[in-house]
Amino acid sequence: MVQTHTDLKLFKHIEGDIGVCGQAQYLLFEEIKTRFTGIKCQVKNQFKVLVTKLPTVDTECDQESNSDLLTQEQEKILNAMVGFSRVFHVLAACKKPLVGHNVLTDLLLTYEKFYKPLPDSLKEFKSELHRLFPLIHDTKLIAFEIRRNPVLLQCNFLDDTNLENLHAALSSNNAQFFALFAPSIPFAEKCYRYLDEKMPHEAGYDSYLSGFVFLRMAHILAYKVSRSPEGPLPFSKFLRVLKPFENLIQLSRARVQHVNLSGPDPPSIRPQWLYVTSKVKTKPLVARTLAQEFSKFGSVDVKIWTRSMRWSLLLNTEEQKMFYERSDGTKRSVSDHTTHFLIHPT
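Worth saying up front: this structure is predicted, and the values here are computed from it rather than measured. (Residues numbered from 1 in each chain as written. Predicted model: local features only at pLDDT ≥ 70, side-chain atom pairs only at ≥ 80, totals over all residues. Heavy atoms only, no water.)

So what's going on with the overall build of the protein? Residues and values would help.
Helix and strand content of the protein: twelve helices and twelve strands. Put simply, the protein has 346 residues, and 36% of those count as buried. As displayed, the protein offers around 22,000 Å² of accessible surface, 53% of which is attributable to carbon and sulfur atoms. (Helix = DSSP H or I, 4+ residues; strand = E, 2+ residues; numbered from the N terminus. Buried < 20%, exposed > 50% of the residue type's maximum accessible area, 1.4 Å probe, protein only. Areas by Shrake-Rupley, 256 points an atom, 1.4 Å probe, with all protein chains shown as cover.)

This is the structure we're talking about:
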């Protein structure tokens, strides 16, 4: 509670505990500024406000100066109350490229918590988000897509799109020798603790990893497209080779592979679900084994379908050519156009 005195002659200092509520601090300052003159207010910490009686002021200039001090303290409180929303509005105003890894959830949360409630339609959300941030890169999507580029056929260290694993792969000697003159991306002075300790899912640490893999993947692609340049490449070259991936946000386990924030979404190219059951009822299927068997055809998701231990697989490849054995012993080819079939695992 804060002690109050209607007669300022009774005190020189008042120190009050008003808790952590920024709104309470702001209202207190507004009340003091309205009711009293010749005082100074300071927020000592997030729990206390110090009110000090100043020497008698005789001029309007001095009174205005004291009032300005109160206003400045109120502005500090307001800035603290606004919090990260200030960063959001700065990012939206400067229109710089945003980089994130598997960033869809982050964009949704940031939009809702620091801007306004999410709209009812995806189309409206995409339009408004693109207006706020015209250029967004999703490093998970980039990692998926650049592996298909013919110039990276010999690249054998981009098999995993997990953020930490990508960082480790792109920091390896294989990556350094695959594309020379890789950009150096040191930690900032206040982040040296990350050198000794990994902190996945901490905002600062993940931001660094996202920026790191973005620059290194862009460098590798630009280096190979440029046919082994003789020196470091400019950042403008990185943005140029990544232009096909601008504003494409990776989707996991969805009918489409990504959301396009600046245009229409792509048509679905995923095949139908494949239903798999065990040939021997007493020998249940194992998810890990099925995933390994089907990994040769592309990325797969495996999950339990029913209590009888059937498993359903969603193949994420554009082209599949598989065979399954029919009851008469012959083999039949299965293509994208086949909707359902049974596979008897060996």
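Now that the structure has been shown, the text picks up again.
An account of the confidence of the model for the protein is needed here, citing residue identities and associated values.
Summarising the model, the protein shows a mean pLDDT of 75, and 71% of its residues fall at 70 or more. Per-residue pLDDT, averaged within each element of the protein, yields its smallest value for strand S11 (residues 322-325) (40) and its largest for strand S5 (residues 136-138) (96). Here residues 1-13 is modelled with pLDDT under 50, and outside its nearest four sequence neighbours on either side it reaches 26 contacts, counting other chains as well. Across residues 307-346, confidence stays below pLDDT 50; counting only partners more than four residues off in sequence or on other chains, it has 101 contacts. (pLDDT = per-residue confidence, 0-100. Contact = heavy atoms within 4.5 Å.)

Describe unusual backbone geometry, with residues and values.
Of note in this structure, Lys95 is not a glycine but carries a positive phi near 60 degrees. By the secondary structure assignment, Lys95 is in the loop between helix H3 (85-94) and strand S4 (98-100). Unlike most non-glycine residues, Asn102 shows phi in positive territory, near 50 degrees. Summarising the element assignment, Asn102 is placed in the loop between S4 and helix H4 (104-114).

Report on the pattern of salt bridges, specifying residues and quantitative values.
Taken as a whole, this structure holds six salt bridges when the rule is applied. Between Asp265 and Lys126 there is a salt bridge, with the nearest N and O atoms lying 3.0 Å from each other. Taken together, the residues Asp265 in the loop between strand S7 (258-260) and strand S8 (274-276) and Lys126 in helix H5 (residues 122-132) connect sequence positions 139 residues apart. Among the residues examined, Asp265 registers a relative accessible area of 30% and is labelled partly exposed. (Salt bridge = Lys/Arg side-chain N within 4 Å of Asp/Glu carboxyl O.)

Provide a residue-level description of the nonpolar core, including the pertinent values.
Ile146, Phe157, Leu170 and Leu242 are the most contacted members of the largest nonpolar core, which has 37 residues in total. Put simply, the parts of the chain that give this core at least two residues each are helix H6 (139-146), helix H7 (163-171), helix H8 (173-178), helix H10 (203-225) and helix H11 (235-241). Tallying contributions element by element places H10 first for this core, with twelve residues. Aside from chain neighbours lying at most four places away, what touches Ile146 is Leu152, Leu158, Met217, Leu221 and Phe245. Membership of the second largest hydrophobic core comes to 16 residues, among which are Leu98, Tyr111, Ile249 and Val256. (Core = buried A, V, L, I, M, F, W, Y, C linked by side-chain atoms within 4.5 Å.)

Describe the packing of aromatic side chains, listing the residues and the values that go with them.
Tallying each qualifying case throughout the model produces eleven aromatic pairs. Arranged with centres 5.2 Å apart and planes meeting at 75 degrees, the rings of Tyr111 and Tyr115 form a pair that is edge-to-face. Given a relative accessible area of 2%, Tyr111 falls into the buried group. Looking at Tyr115, the relative accessible area reads 26%, which means it is partly exposed. In this structure an aromatic cluster arises from ring pairing among Phe88, Tyr111, Tyr115, Phe125 and Phe133. Directly above the aromatic system of Phe178 lies the positively charged group of Lys224, at a separation of 4.2 Å from the ring centroid. (Phe/Tyr/Trp six-rings, centres within 6.5 Å; stacked < 30°, edge-to-face > 60°. Lys NZ or Arg CZ within 6 Å of the ring centre and 35° of its normal.)

With reference to specific residues and values, describe the environment of Ile249.
Among the secondary structure elements, Ile249 is positioned in strand S6 (residues 248-250). Take Ile249: its relative accessible area is 0%, and that puts it in the buried class. For the pair Ile249 and Ile136, spaced 113 residues apart in the sequence, the C-alpha separation amounts to 8.2 Å. Among all residues touching Ile249, those that are not within four sequence positions of it are Val103, Leu104, Leu107, Ile136, Asp138, Leu141, Gln257, His258, Val259 and Leu261.

Break down the packing of H4 against H5 for me, with residues and values.
In a packed pair of helices, the relevant descriptors are the angle between the two axes and the axis-to-axis distance. Their axes nearest at 12 Å, the elements H4 and H5 cross at an angle of 85 degrees. As the angle between them shows, H4 and H5 are arranged roughly perpendicular. Within the contact between the two elements, H4 uses Leu107, Leu108 and Tyr111 and H5 uses Phe125, Glu128, Leu129 and Leu132. Tallied by class, the residues present in the contact of H4 with H5 amount to six nonpolar, no polar and one charged. (Axes fitted to C-alpha atoms, helices over the stretch in contact; angles between N-to-C directions. Parallel < 35°, antiparallel > 145°, perpendicular 65-115°, else oblique. Nonpolar A, V, L, I, M, F, W, Y, C, P; charged D, E, K, R; others polar.)

Could you give an account of the environment of Leu242, with specific residues and numbers?
With respect to the helices and strands, Leu242 occurs in the loop between H11 and S6. Along the backbone, Leu242 and Phe214 are 28 residues apart, and their C-alpha atoms lie at a distance of 9.6 Å. Those residues in contact with Leu242, other than ones at most four positions away along the chain, are His137, Ile142, Phe214, Ala218 and Leu221.

Describe the environment of Pro183, listing the residues and the values that go with them.
Checked against the element boundaries, Pro183 lands in the loop between H8 and helix H9 (193-196). Excluding residues within four positions of it along the chain, Pro183 makes contact with Leu215, Arg216, His219 and Phe238.

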